Amino acid sequence: MAIEHDIESAHDGPFGLHAAANGTTYRVTLRGEFDLAAVHVVEDALERAYEGEVRVLDIDLAPLTFLDSSGLRVILGAADRAASSGVELRLRRGGETVQRVFAITGLDKALPFVDEPCT
Amino acid sequence: MHLTLPAAAASVPEARHAVVELARQLGARPSTVADVALAVSEACTNVVLHAYREHDEPGVLHVDAEARDGMLEVVVADEGGGLRPREDSPGLGMGMALMAAVASGLQLDHDGAATRVHLTFDLSPEPGEAGEAGTRAGAAGDDAAPDGALADRD
C-alpha cells in the first residue's frame, strides 16, 4: 500500500517536499531551497522510509534551486543510513547550482547520482 | 543593508534572500548571485550552529552588505563566543570550504566578543577578468585563518 507525505512550505522559506512509498521503493522529491531551515523536515521524511520494507531510496534533487552544506550533510547522512541498512540509494541530479556544491566538496564522485531515477 | 535577526534556522534563508536581492539590484551576474547565496547561507549557518552554543538564550545574527569599488562586501557577525573546535560539528566542516571556493575574498576576525566573516564578491559585468581567477585562488587557499578561527570547520 502506498503512503504519501506532501509538505509545502514546511518553513518560512521556499521549500517543499513530497515523499511516497510504492512497494519497496521510497521516493523523496525535494523542491526549492534546501538549507538549515529545511533539515529537520527532510530528515523526518527520510526516516519514514525505514518504517516499511524499503529496498530502494530515491531522492530527487532536480527540483531544488539551492542547496548548501546543511543539505549536503542530510544527503550524506541518507547515504550512510542506506548503506548500513542494505538499501540502494539513487540520487537524481540537481541543476548546476546544486551539483556544484557536491563538486566543490568532492562528493560528486562519491555519491550514487543518476540522471533519471527508476520509477 | 543591515539586518539583525535571531540566530535561528529560519533566519538563514531570510538573510540569504535579502543579500541576493541586493546583489541583483547591483547588477551582479547570475553566477555571482549564486555565489553570494551559497556563501551567505554558509556564514549565517555557522552563526546559528556555533556562535551561541553555551548561551541559554538564542543570540543574534548581524548581516551587513554594501557595494564598494565594484565589489559587494558582506559582513556576517555574531555576538557569541566565536568559532571553536567542535568534534561533532553538524556542518561537516564544509561550510568554510564552500565560502572560500565561491567568494572573491574571505576574511575572519574575532575580538573575544564577536566573530565577523567578511565576504567580497566581484560585481564586474563580464566574466573572465584577469584578476578574478587569481583572487579566487587566493581565497580558496586561505586555510590559515586569522587567529585560527577556522578551526571549528575541521
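Residues numbered from 1 in each chain as written. Chains lettered and ligands numbered in written order. Predicted model: local features only at pLDDT ≥ 70, side-chain atom pairs only at ≥ 80, totals over all residues. Heavy atoms only, no water.

### Points about the environment of glycine 16 of chain A
Residues and elements named next belong to chain A. Looking at the secondary structure, you find glycine 16 in strand 2 (residues 15-22). Residue class for glycine 16 comes out buried when judged on its relative accessible area of 2%. For the pair glycine 16 and glutamate 88, spaced 72 residues apart in sequence, the C-alpha separation works out to 24 Å. (Helix = DSSP H or I, 4+ residues; strand = E, 2+ residues; numbered from the N terminus. Buried < 20%, exposed > 50% of the residue type's maximum accessible area, 1.4 Å probe, protein only.)

### Thoughts on the packing of aromatic side chains
All names here are of chain A. Inspection of every chain in the model, using the stated rule, returns two aromatic pairs over all chains. Measuring from centroid to centroid gives 5.9 Å for phenylalanine 15 and phenylalanine 34, while their planes differ by 35°, and the two rings are tilted. With phenylalanine 15 in strand 2 and phenylalanine 34 in strand 3 (residues 25-34), this residue pair connects regions lying 19 residues apart in the sequence. Residue phenylalanine 15 shares its accessibility class with phenylalanine 34, and that shared class is buried. Relative to phenylalanine 113, the ring of phenylalanine 102 lies with its centre 4.9 Å away and its plane at 75°, an arrangement referred to as edge-to-face. Of the two residues, phenylalanine 102 is situated in helix 3 (residues 96-104) and phenylalanine 113 in strand 7 (residues 113-114); the sequence distance between them amounts to 11 residues. In this structure, phenylalanine 102 and phenylalanine 113 share a single accessibility class: buried. It is arginine 81 that lies over the ring of tyrosine 50; its NZ or CZ is 3.9 Å from the centre. (Phe/Tyr/Trp six-rings, centres within 6.5 Å; stacked < 30°, edge-to-face > 60°. Lys NZ or Arg CZ within 6 Å of the ring centre and 35° of its normal.)

### What to know about the interface of chain B and chain A
Taken together, the contact pairs 23 residues of chain B with 20 residues of chain A. Buried area between chain B and chain A, summed over both chains or domains, comes out near 1,600 Å², and the portion from carbon and sulfur atoms is 69%. Of the charged contacts in the structure, one is a salt bridge between arginine 16 of chain B and aspartate 35 of chain A, with a shortest N-O distance of 2.7 Å. Our enumeration of links across chain B and chain A arrives at seven residue pairs in polar contact (both at pLDDT 80 or more). Residue assignment for the side of chain B that touches chain A shows that the elements contributing at least two residues are helix 1 (11-25), helix 2 (30-51) and helix 3 (95-102) of chain B. Per-element accounting of the side of chain B that touches chain A gives the leading share, nine residues, to helix 2 of chain B. Along the lines of polarity and charge, the residues of the side of chain B that touches chain A split into 15 nonpolar, five polar and three charged. (Contact = heavy atoms within 4.5 Å. Buried area = accessible area lost by both parts, 1.4 Å probe. Salt bridge = Lys/Arg side-chain N within 4 Å of Asp/Glu carboxyl O. Polar contact = N/O pair within 3.5 Å; in protein donor to acceptor, adjacent residues only side chain to side chain. Nonpolar A, V, L, I, M, F, W, Y, C, P; charged D, E, K, R; others polar.)

### Quick word on the pairing of strand 2 (residues 60-68) of chain B
Residues and elements named next belong to chain B. Where strand 1 (residues 2-6) meets strand 2, five bridges bridge the pair, whose relative direction is antiparallel. Residue pairing for strand 2: leucine 5 is matched across the bridge by leucine 61. Bridging between strand 2 and strand 3 (residues 71-78) involves eight bridges; their strand directions are antiparallel. Pairing of histidine 62 across the sheet is with alanine 77, part of strand 3. (Pairing = 2+ DSSP bridges.)

### Observations regarding helix 2 (residues 69-85) of chain A
All names here are of chain A. Spanning 17 residues, helix 2 covers 24 Å between terminal C-alpha atoms, matching the ideal 24 Å at 1.5 Å per step. The complete set of buried residues in helix 2 reads Ser69, Ser70, Gly71, Leu72, Val74, Ile75, Leu76, Ala78, Ala79 and Ala82. The opening residue of helix 2 is aspartate 68, an N-cap whose side-chain oxygen sits 3.0 Å from the backbone nitrogen of serine 70. (Expected span 1.5 Å × (residues − 1).)

### Notes on the packing of helix 1 (residues 39-48) of chain A against helix 2 of chain A
Residue and element names in this part refer to chain A. In the contact formed by helix 1 and helix 2, the axes pass within 10 Å of each other and the chain directions differ by 15°. Here helix 1 lies roughly parallel to helix 2, going by the angle between them. Along this stretch, helix 1 crosses helix 2, giving a crossing that reads as right-handed. Contacts between helix 1 and helix 2 involve Val39, Val42, Glu43, Leu46 and Glu47 from the former and Ser70, Arg73, Val74, Ala78 and Arg81 from the latter. The residue makeup of the contact of helix 1 with helix 2, split by class, is five nonpolar, one polar and four charged. (Axes fitted to C-alpha atoms, helices over the stretch in contact; angles between N-to-C directions. Parallel < 35°, antiparallel > 145°, perpendicular 65-115°, else oblique. Left-handed = near helix turned anticlockwise from the far one by under 90°.)

### Quick notes on the side chain of serine 41 of chain B
Tracing the chain through its elements places serine 41 of chain B in helix 2. In contact with serine 41 of chain B, not counting residues within four places along its chain, are Asp35, Phe66 and Asp68 of chain A together with Val12 and Arg16 of chain B.

### So, the sheet that holds strand 5 (residues 115-122) of chain B
All names here are of chain B. With antiparallel pairing, five strands are arranged side by side in an open sheet as 1-2-3-5-4. Pairing within the sheet leaves two strands with one partner each, and these edge strands are strand 1 and strand 4 (105-110). Averaged over all pairs of adjacent strands, the angle between strand axes in this sheet comes to 15°, irrespective of strand direction. Most of the contacts of helix 2 go to strand 5, to which it runs at about 175°, and overall it touches strand 2, strand 3 and strand 5.

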